[in-house]
Amino acid sequence: MTDVSDGVLHTLFRSDQGGHEQVVLCQDRASGLKAVIALHSTALGPALGGTRFYPYATEEQAVADALNLARGMSYKNAMAGLDHGGGKAVIIGDPETVKSEELLLAYGRFVASLGGRYVTACDVGTYVADMDVVARECRWTTGRSPENGGAGDSSVLTSFGVYQGMRAAAQHLWGDPSLRDRRIGVAGVGKVGHHLVEHLLKEGAEVLVTDVREDAVRRVLDRHPQGVTAVADTEALIRTEGLDVYAPCALGGALNDASVPVLTAKVVCGAANNQLAHPGVEKDLADRRILYAPDYVVNAGGVIQVADELHGFDFDRCRAKAAKIFDTTLAIFARAKSDGIPPAAAADRIAEQRMAEARAAR
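These numbers were taken from a predicted model, which means no experiment stands behind them. (Residues numbered from 1 in each chain as written. Predicted model: local features only at pLDDT ≥ 70, side-chain atom pairs only at ≥ 80, totals over all residues. Heavy atoms only, no water.)

Caption draft 1: Molecular detail of the overall build of the chain. Of regular secondary structure, the chain possesses 15 helices and 12 strands. Its C-alpha atoms give the chain a radius of gyration of 19 Å, near enough to 21 Å, the size a compact globule of 362 residues would have. Along the three orthogonal principal directions, the C-alpha set of the chain runs to about 55 × 45 × 45 Å. Looking at the chain residue by residue over its 362 residues, the buried ones come to 54%. For the chain, the proportion of contacts with a sequence separation of at least 24, taken over those separated by at least 6, is 65%. As displayed, the chain has an accessible area near 15600 Å², and 49% of this comes from carbon and sulfur atoms. Treating the 38 positive side-chain charges of the chain as one cloud and the 46 negative ones as another, the clouds have centres 4 Å apart. (Helix = DSSP H or I, 4+ residues; strand = E, 2+ residues; numbered from the N terminus. Rg over C-alpha atoms; globule rule 2.2 N^0.38 Å. Buried < 20%, exposed > 50% of the residue type's maximum accessible area, 1.4 Å probe, protein only. Contact = heavy atoms within 4.5 Å. Areas by Shrake-Rupley, 256 points an atom, 1.4 Å probe, with all protein chains shown as cover. Lys, Arg positive; Asp, Glu negative; His and termini not counted. Charge placed at Lys NZ, Arg CZ, Asp CG, Glu CD.)

Caption draft 2: Focus on the packing of aromatic side chains. On inspection of all chains with the given rule, the structure shows four aromatic pairs. Taking the centre distance of 5.1 Å and the plane angle of 70° together, the rings of Y54 and Y56 count as edge-to-face. The class for Y54 is partly exposed, based on a relative accessible area of 31%. Seen from the ring of W174, R182 lies directly overhead, with NZ or CZ sitting 3.8 Å from the centre. Positioned over the ring face of Y127 is K191, at 4.6 Å from the centre of the ring. (Phe/Tyr/Trp six-rings, centres within 6.5 Å; stacked < 30°, edge-to-face > 60°. Lys NZ or Arg CZ within 6 Å of the ring centre and 35° of its normal.)

Caption draft 3: Molecular detail of the nonpolar core. One finds M166, V186, L196, V197, L200 and V207 to be the most contacted residues of the largest nonpolar core, which totals 36 residues. Per-element accounting of this core gives the leading share, seven residues, to helix 6 (residues 155-174). Beyond its immediate stretch of four places on either side in the chain, V207 contacts I184, V186, V197, L200, L201, G227, V228 and T229. I91, L114, C122 and V306 belong to the second largest nonpolar core, which has 35 residues in total. (Core = buried A, V, L, I, M, F, W, Y, C linked by side-chain atoms within 4.5 Å.)

Caption draft 4: The environment of A230, seen in detail. Relative to the elements of secondary structure, A230 occurs in strand 9 (residues 228-230). On the basis of relative accessibility, which here comes to 40%, the residue A230 falls in the partly exposed class. Apart from residues lying up to four places away in sequence, A230 is in contact with V209, V217 and L221.

Caption draft 5: Examining the side chain of S41 more closely. Mapped onto the secondary structure, S41 falls in strand 2 (residues 33-41). Taking relative accessible area as the criterion, S41 reaches 5% and is therefore assigned buried. Polar contacts involving the side chain of S41 include one to the main-chain amide nitrogen of A43, which spans 3.1 Å. Sequence-distant contacts of S41, that is, excluding residues within four places in its chain, are made with E21, A47, S74, G85, G86, M355 and R359. (Polar contact = N/O pair within 3.5 Å; in protein donor to acceptor, adjacent residues only side chain to side chain.)

Caption draft 6: Broad picture of the pairing of strand 7 (residues 183-187). The buried fraction of strand 7 amounts to four of the five residues, a majority that puts the element mostly inside the structure. Bridge count between strand 7 and strand 8 (residues 206-210): five bridges; the pairing is parallel. Across the sheet, G185 pairs through a bridge with L208, a residue of strand 8. The parallel pair strand 7 and strand 8 is bridged by helix 7 (residues 193-202), and the resulting crossover is right-handed. Direction of pairing for strand 7 relative to strand 10 (residues 245-248): parallel, over a ladder of four bridges. Counterpart to G185 in the pairing with strand 10 is Y246. (Pairing = 2+ DSSP bridges. Right-handed = clockwise from strand over helix to strand, strands pointing away.)

Caption draft 7: Inspection of a nonpolar patch on the surface at higher detail. A cluster of nonpolar side chains, contributed by Y54, V124 and L251, occupies part of the molecular surface with about 210 Å² of accessible area. Summarising the element assignment, V124 is placed in the loop between strand 6 (118-119) and helix 5 (128-134). Overall, the relative accessible area of 31% leaves V124 in the partly exposed class. (Patch = residues over 30% accessible without salt bridge, like charges linked within 9 Å, V, L, I, M, F, W, Y side chains within 5 Å. Salt bridge = Lys/Arg side-chain N within 4 Å of Asp/Glu carboxyl O.)

Caption draft 8: Structural context of helix 2 (residues 59-79). The end-to-end C-alpha distance of helix 2 is 30 Å, a good match for the 30 Å that 21 residues give at a rise of 1.5 Å each. Judged by how many residues are buried, helix 2 sits mostly within the fold: 16 of 21 residues are covered. Looking at the residues trailing helix 2, positive phi occurs at G81, about 75°. (Expected span 1.5 Å × (residues − 1).)

What follows is the structure in structure tokens.
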């Protein structure tokens with residue numbers, strides 16, 4: 001108990017990164033399910049956030065990730081103007097080997113036991129087909145297939161929102177939202193990243209890509225033999241000379257003490273959650289005059305889509321909402337400039353104000 005108390009419980013109850021309302025540890029021995037559901041805030045409404053399926057090295061790492069991701073969802077939903085708080089779930093294990101229908105059904109029962117305080121959706125390692133299974137046990141499930149009353153793949157609007165954030169960064173930094181002839185590096189061309197590449201190529205950008213999975217890179221290169229260049233790895237990508245924009249679109253922690261000092265890009269704008277490895281990185285970026293578009297602001301297109309699914313999905317309505325990420329991102333840059341703080345801090349202030357006003361109105 002000492003390790004848990006010193007680690008997870010300290011984060012939950014006594015750190016600035018805590019403040020979560022509820023954390024649920026879930027286990028179903030028959031299916032092998034081990035999961036963590038973290039609810040950070042329900043001030044704005046039921047917590048909404050995806051389910052990550054990942055082979056964490058330890059249970060403590062899984063809980064820590066759930067806490068961080070849930071907190072990020074509170075801020076993301078607040079900045080997206082949604083009437084939802086923040087929550088996140090993680091399932092421990094390699095989805096390629098342990099995912100099963102029985103396990104997903106057991107997970108759905110745990111989500112249902114929360115009575116609507118948490119609404120789940122897809123994330124890393126989970127897909128539309130998985131949500132269709134979860135929904136058989138839990139009506140508070142989004143990201144389902146159209147055949148099962150859902151909106152389908154949310155990565156389409158996630159990438160569109162990141163693209164809008166990137167255009168806002170270009171407007172702020174260069175006075176023109178166009179990305180034509182800009183050199184843009186995309187790290188991670190999976191569910192979201194490959195859609196982002198499509199947007200960038202349509203506008204005439206030069207795109208460099210990398211991914212830990214060779215098949216993901218090959219898919220992009222096969223589809224776009226012109227205009228896309230593969231780079232060996234992220235380390236090489238962030239050091240590429242003449243890079244205008246770096247788009248981290250894989251797992252979190254991409255901006256850290258090792259990467260920020262060697263980053264050549266003038267803008268960071270990507271789809272990955274929790275890109276800042278620790279507090280203080282946002283200041284390191286600002287000190288290097290690198291414009292950072294806060295991740296939870298620009299990647300909110302997906303959550304806008306799944307939230308809309310709860311009310312009868314309309315793609316055009318969602319796309320119009322996701323397009324407003326351009327204006328929201330510009331407003332954050334303006335607030336950062338007026339307050340003399342990094343954009344990440346400005347976004348936090350705006351989100352915290354909205355949550356505080358909702359709590360006060362109860």
